[in-house]
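# Observations on the three-dimensional arrangement
Listed here are the chains, written in short residue letters.
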Amino acid sequence: MTLSTSAYKRRRAKALKIAMIYLGVALFCLMFYLVYNTFAHGVSSPFMSLLFLWPLILGFLPYTLLCIFPAVRAPRRIGSNLYHAGLASLIVSSCLRGVFEIAGTTSIYQALLMAVGAVLCICGVVAWLFEK
């Protein structure tokens, strides 16, 4: 099945919009780290320092590639929702782990949130690969 030029443009525009949202989230995470680091009394955490990489690598990069190659079918609603929810869980979990490490404490719930986020991302990719 071939798509018309307008369908390619719609797919490209949607992928570009999502890529720009994830770029904004990555910039927000970077700014959050910089502000938080100012008040962290010299203590740092790699989970907080590299927080911006989650939305940049797992959000901005894939949707930029979908924008560049619009012939590749973007995930439908269920795959997209699972993937976005998983990525949001990974970002929040990484932020919480960074905050906990800087504060000198731990929580089992953060590790659980990280595992759930990874499973949701994987389920979203699997749903994208096997949807008709």
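Before going into details, it helps to say that this report is about the structure given with it. Since the model is a prediction, treat every value here as computed from it, not as a measurement.

## Quick word on the packing of aromatic side chains
Scanning all chains against the criterion turns up three aromatic pairs. When the ring of tyrosine 22 is compared with that of tyrosine 63, the centres are 6.3 Å apart and the planes differ by 20°; the resulting orientation is stacked. Highlighted residues: tyrosine 22 in helix α1 (residues 5–38) and tyrosine 63 in helix α3 (residues 53–68), separated in sequence by 41 residues. Comparing tyrosine 22 with tyrosine 63 shows no difference in burial state: the two are buried.

## A look at the pattern of salt bridges
A full pass over the atoms with the stated rule returns two salt bridges. Arginine 73 is paired through a salt bridge with glutamate 131; the nearest N and O atoms lie 3.2 Å apart. Here glutamate 131 lies in the segment after α5 (108–130) and arginine 73 lies in the loop between α3 and α4 (77–103), a separation of 58 residues in the sequence. We note a salt bridge from arginine 97 to glutamate 101, for which the minimum N-O separation is 3.3 Å. With arginine 97 and glutamate 101 both in helix α4, this residue pair falls four residues apart, about one helical turn. Looking at arginine 97, the relative accessible area reads 32%, which means it is partly exposed. Relative accessible area serves as the criterion here: at 31%, glutamate 101 is assigned to the partly exposed category.

What counts and how
- Residues numbered from 1 in each chain as written.
- Predicted model: local features only at pLDDT ≥ 70, side-chain atom pairs only at ≥ 80, totals over all residues.
- Heavy atoms only, no water.
- Phe/Tyr/Trp six-rings, centres within 6.5 Å; stacked < 30°, edge-to-face > 60°.
- Helix = DSSP H or I, 4+ residues; strand = E, 2+ residues; numbered from the N terminus.
- Buried < 20%, exposed > 50% of the residue type's maximum accessible area, 1.4 Å probe, protein only.
- Salt bridge = Lys/Arg side-chain N within 4 Å of Asp/Glu carboxyl O.

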